[in-house]
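# Structure assessment
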Amino acid sequence: MRAAHEMNASQAWERSRASLDVERIREDFPILKRRVHGKPLVYLDNAATSQKPKVVIDATHRYYSEENSNIHRGVHFLSEQATGAYEGARARVKRFLNASDAREILFVRGTTEGINLVARSYGRKFIQEGDDIIVSAMEHHSNIVPWQIVCEEVGARLRVIPMNDRGELLMEEYEKLLNERTKFVSVTHLSNALGTVNPVKQIIERAHRCGVPVLVDGAQAAPHVRVDVRDLDCDFYAFSGHKLFGPTGIGVLYGKASLLEAMPPYQGGGDMISAFTFAKTIYKVLPFKFEAGTPNIAGGVGLGAAIDYLDGIGLEAVAAYERELLAYATEALCTIQGLRIIGTAKEKAGVLSFVLDGVHAHDIGTILDRDGIAIRTGHHCAMPVMQRFGVPATARASLAFYNTREEVDALVAGIDKVREVFN
Amino acid sequence: MKVASEVPRLDVQRLRADFPILDRKVHGKRLVYLDSAATTQKPEAVIEALSHYYRTFNANIHRGIHSLAEEATEAYEQTRRKVASFIGGVEPRSIIFTRNATEGLNLVAYAWGRHHVGSGDEILLTEMEHHSNLVPWMLLAREKGAVLKHIPITDEGELRLDCLSDLMTARTKVVSVTLVSNVLGTINPVREIADAAHRYGALMVVDGAQGVPHLPVDVRALDCDFLAFSGHKMLGPTGVGVLYGRPELLMNMEPFLGGGEMIREVRLDRATWNDIPWKFEAGTPNIADVVAFSAALDYLEAVGMDAVRAHEVELTGYGLERLLSLGWIKIYGPRDPDRRGGVLAFNDPEIHAHDLSTILDQYGIAIRAGHHCAQPLMRRLGAAATSRASFYLYNDRDDIDALVEALIAAGKYFGRNTRVHPAG
Amino acid sequence: MSDLRELYQEVILDHNKKPRNFRRLEGANATAEGYNPLCGDQITVYLELEGDVIRSISFQGAGCAISKASASMMTTSVKGKTRAEVEALFDRVHKMLTRELDTKVNSHELGKLAVLSGVCEFPARVKCASLAWHTLNAALEAKKEPVSTE
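All names here are of chain B. Running from N to C, helix H3 (residues 67-86) and helix H10 (residues 287-303) cross one another at 40 degrees; their axes reach a closest spacing of 9 Å. Relative to H10, the element H3 is oriented oblique. In terms of crossing hand, the pair formed by H3 and H10 is left-handed. Judged by residue contacts, Ala72, Ala75, Tyr76, Thr79, Lys82, Val83 and Phe86 of H3 engage Ile287, Val290, Val291, Phe293, Ser294, Leu297, Asp298, Leu300 and Glu301 from H10.

Here is the structure:
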């Protein structure tokens, strides 16, 4: 049965394989050589965090061994080197997102902090009682809770774009939600629980017609599809370094300079102040106004290396490869009796959420782990999605460009084993 | 305070071998790193722990049940326990991982302050605070209509506790003080201030960024309610900070950031919060750096914080003596090394701190020059900027000698005719 | 240490010790403040403008030798110049400091200001040298908010 779809997909597969030498790429990731419970690690939890190529690990290692110093405020040589390395990373992010100005790139801890920063700084200044904020039904908690907090504080209302049973947003419902009370729209680019790629450009364009700014949660999208913030015309875009093959503790918030400039600071401290007296404070210019205290310098440097690495492979090649692998995995999973895929949108990337008749997701996770297969199980920080599909939890396999068909086969074999155990 | 003879002397030469960066040359000269108050260098063990994490068990924590996720979670939570023990054996749930000390102080000012400080209430700080312990309170005071007050300092840079009874009132809601000044080096009598704060029902917050890395610290002995510090200032990686908070306070506080991991349940119209400390750790935390921070704590414990302190007292005493012997250097802060940490702020009256720093850099000496993010203090000292040399366990007398020689040489460029007396 | 000599030339040290036009300007009709948060430099530039021409200029403030000398030399070189001439000069100074201009070839365009060319070897100090110029620019544009050198 599986042979048939392999034949169908084989041509496209060979094409994407040609542009991306996965065996060589796997050599770049030291952890992929590791064994778990005596089995080779099959890492299919990339939506939670990605693995790091050696160049990223080495960049951080080299930073601490050769350049480490605090930045910006120092005159000495190391401080200049460290500042150059950190600001160099910012310039790389700017290019990566095709932003027009490095001032629009703020380093944060991760996507969650980026969204909180906007909710707190923009939200508390520009959103008032009686206003509406729109999110979607497939948001991660990090794109719901910050807005709930703002709503509660200022007396605004959270409106939700519903989705259909495939996990696609209902655009006509979205248009109905947009009105003169709408002050902000915040949506995910790629759902972490369903894999749906949302038509964010269209969402932004509709919101802009009503003069409403849009934040895009790019935690899942940035590592897998090419993002061009100027083409999208989004007002804010947030992503995490650790999901993009970079270190933990570093993320990016892109914001249009005109908006960032109008926003009050978020955290107070060193490096975000230009002149300070007890009577008045002059904040620094962008982006430093939003980067209080010593930042995660080494993390920024590591993220720069990750972007270089990804650029070297090419996001287009990554996306094409992953698309083929997802098609292969989807067909393979569909052959398993009693397995239901949650999230079957037409536009999908890299995420396979599923439930298995009579087996809780956690049990699937534990049994697969015994075979060295790492997937995630649970609500994926998207409880409203679980509620919408009437499941307590799902098992989720999420792909990256270093995954192979053999690993997908191992997953399928593992699930077969789960079924045996529970039969 | 223990005296040097009671604790083992540091074998600095041996310690230095653990820090790869100290082998490097700057402008062809041996690197003399005297900027540890800004950030410290990292021992091989910390750098290696970080690489090891990514090479062998990198995974997202808490929410996973696969082996890597379990290993990562265990390593992350083990660091929390280690931190709890490092600051005097508190409950691990009172330890929140932040980005840095600044974020910890912002967290308190925001999540506690906005619900407990109202119009006309008072926030008591000091004249020697770093901006990170000023601006969060200023933002709070501005929002709530509260009043900021400051404990003044003496000309030697010590807090005037005699003013405390006049400054404290029934409206004082919070007192926030640095344990060690990042400019003056002054070690503040935090316990005494905490007792006064508690008598008035105020909260005691301590900025430990310069204190925790250099002194043995026991939060119960200090009797503070919150203590914030940064990992990168104590041999750890950048991007990790710690906020200790009394659990009773943390439990009753609103969250700081919203997101994954900090919730118990989310519906589209409401959410309930997770237990502490996770309520305050929204999103994927800085797992790798927290795990590597553990190696920094191990390193410091192996050396012994008493030994670190004794070493810095000795070195600071030597530094004070040598700088003062030059005759033209003005030093800020207490003269007694037992009353201060290893931070020496100074000025050459003829050479601006910034110029001095540039010249010293050519000699391979890294110091900091500027306002050190303490502009109100600079105004109090009547200096636009100072130079600052700061020490840690890898510095020795040779480093100070190199500094002094370069200070003499710097005079040349500015036309000083110096007849230097040998060190006395 | 030859770089240091390049940086701290006699002329610079002289301007640092005895800054020219270092006072408040009575009758100024344009002023601006500038800060360099890096080292705490703070400067106020006073202008007396007559139409398009800088009739008189002075400055006050505290700063390192580089910023002070740069400010002092700036005041002596822009007096009597028009806005457009000042703009062109600032552009050349900026290019010199960031090494976009070869001072050996183009030193005649810079006049005495060429002694500041040593700063380009010290990237962290470029802001010190350009602070006065940014502040002058702000005064010419009648900016209300203080300028900063980030």
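As a further point, take the nonpolar core. Counting 206 residues, the largest nonpolar core has Tyr237 and Phe401 of chain A together with Leu393 of chain B as the members making the most contacts within it. Top element by residues in this core is H10 of chain B. It accounts for 12 residues. Not counting the four nearest positions on each side in its chain, Phe401 of chain A is found in contact with Leu20, Val22, Ile25, Phe29, Phe245, Tyr309, Leu310, Ile313, Val318, Tyr321 and Glu322 of chain A. Ranked by size, the runner-up nonpolar core spans 78 residues in total, among them Leu320 of chain B together with Ile57, Ala65 and Ala69 of chain C.

What follows concerns the side chain of Thr386 of chain B. All names here are of chain B. Structurally, Thr386 can be placed in strand S17 (residues 386-390). On the accessibility criterion, Thr386 (0% relative accessible area) is buried. Sequence-distant contacts of Thr386, defined by excluding residues within four places in its chain, comprise Tyr332, Ala345, Phe346, Asn347, Ala353, Arg368, Ala369, Gly370, His372 and Met378.

Residues and elements named next belong to chain B. If you walk across this open sheet you meet the 7 strands as S4-S10-S9-S8-S7-S5-S6, and the pairing is mixed. Every other strand in the sheet has two partners, leaving strand S4 (95-98) and strand S6 (147-151) as the edge strands with one partner each. Here the average twist between neighbouring strands, direction ignored, is 20 degrees. Where S4 and strand S10 (residues 241-245) come together, 4 bridges link them in antiparallel fashion. Note that in S10 the partner of Ile96 across the bridge is Leu243. Here helix H5 (residues 135-144) sits on the sheet in contact with strand S5 (122-126), S6, strand S7 (172-178) and strand S8 (203-207), set at roughly 160 degrees to S5.

Turning our attention to the pattern of salt bridges. Where charged atoms of side chains with opposite charge meet at close range, the side chains can pair. Going through the model one piece at a time under the given rule, you end up with 69 salt bridges over all chains. Note that Lys149 of chain B and Glu122 of chain B form a salt bridge whose closest N and O atoms lie 3.3 Å from each other. With a gap of 27 residues between them, Lys149 of chain B in strand S6 and Glu122 of chain B in strand S5 connect regions that are remote in the sequence. Put simply, Asp195 of chain B and Arg191 of chain B hold a salt bridge, and the shortest N to O gap is 3.0 Å. Placement of the pair is Asp195 of chain B and Arg191 of chain B together in helix H7 (residues 190-199), with a separation of 4 residues, close to one helical turn. You can call Asp195 of chain B partly exposed: its relative accessible area is 30%. For Arg191 of chain B, a relative accessible area of 38% translates into the label partly exposed. Through salt bridges with shared partners, a single network forms among Arg109 and Glu113 of chain A together with Arg99 and Glu103 of chain B.

Here is what the cut-offs are and how they apply
Residue indices follow the written sequence of each chain, beginning from 1 at its first position. Chains and ligands are labelled by the order in which they are written, letters from A for the one and numbers from 1 for the other. Totals for whole chains, interfaces and linings use every residue, but because this is a predicted model, local features are given only for residues with pLDDT of at least 70 and side-chain atom pairs only at 80 or more, for both listing and counting. In computing side-chain properties, one takes all heavy atoms of the structure into account and sets aside hydrogens as well as water. As a rule, the C-alpha atoms of each element are fitted with a line to give its axis, helices using only the stretch in contact, and angles between N-to-C directions run from 0 to 180 degrees. Helix and strand definitions follow DSSP, with helices as H or I runs of at least four residues and strands as E runs of at least two, each counted in order from the N terminus. The cut-offs work like this: below 35 degrees is roughly parallel, past 145 is roughly antiparallel, 65 to 115 is roughly perpendicular, and the gaps in between are oblique. Should the near helix be turned counterclockwise from the far one by less than a right angle, the crossing is left-handed, whereas a clockwise turn marks it as right-handed. Residue contacts are defined here by distance: any two heavy atoms, one from each residue, within 4.5 Å place the two residues in contact. Residues grouped as a nonpolar core are buried Ala, Val, Leu, Ile, Met, Phe, Trp, Tyr and Cys residues, joined through side-chain atoms within 4.5 Å. Each residue's exposure class comes from its accessible area (1.4 Å probe, protein chains only) as a fraction of the maximum for that residue type: buried when under 20%, exposed when over 50%, partly exposed otherwise. Should DSSP find at least two bridges between two strands, the strands are taken to pair. By convention in these notes, a salt bridge is any Lys or Arg side-chain nitrogen within 4 Å of a carboxyl oxygen on Asp or Glu.

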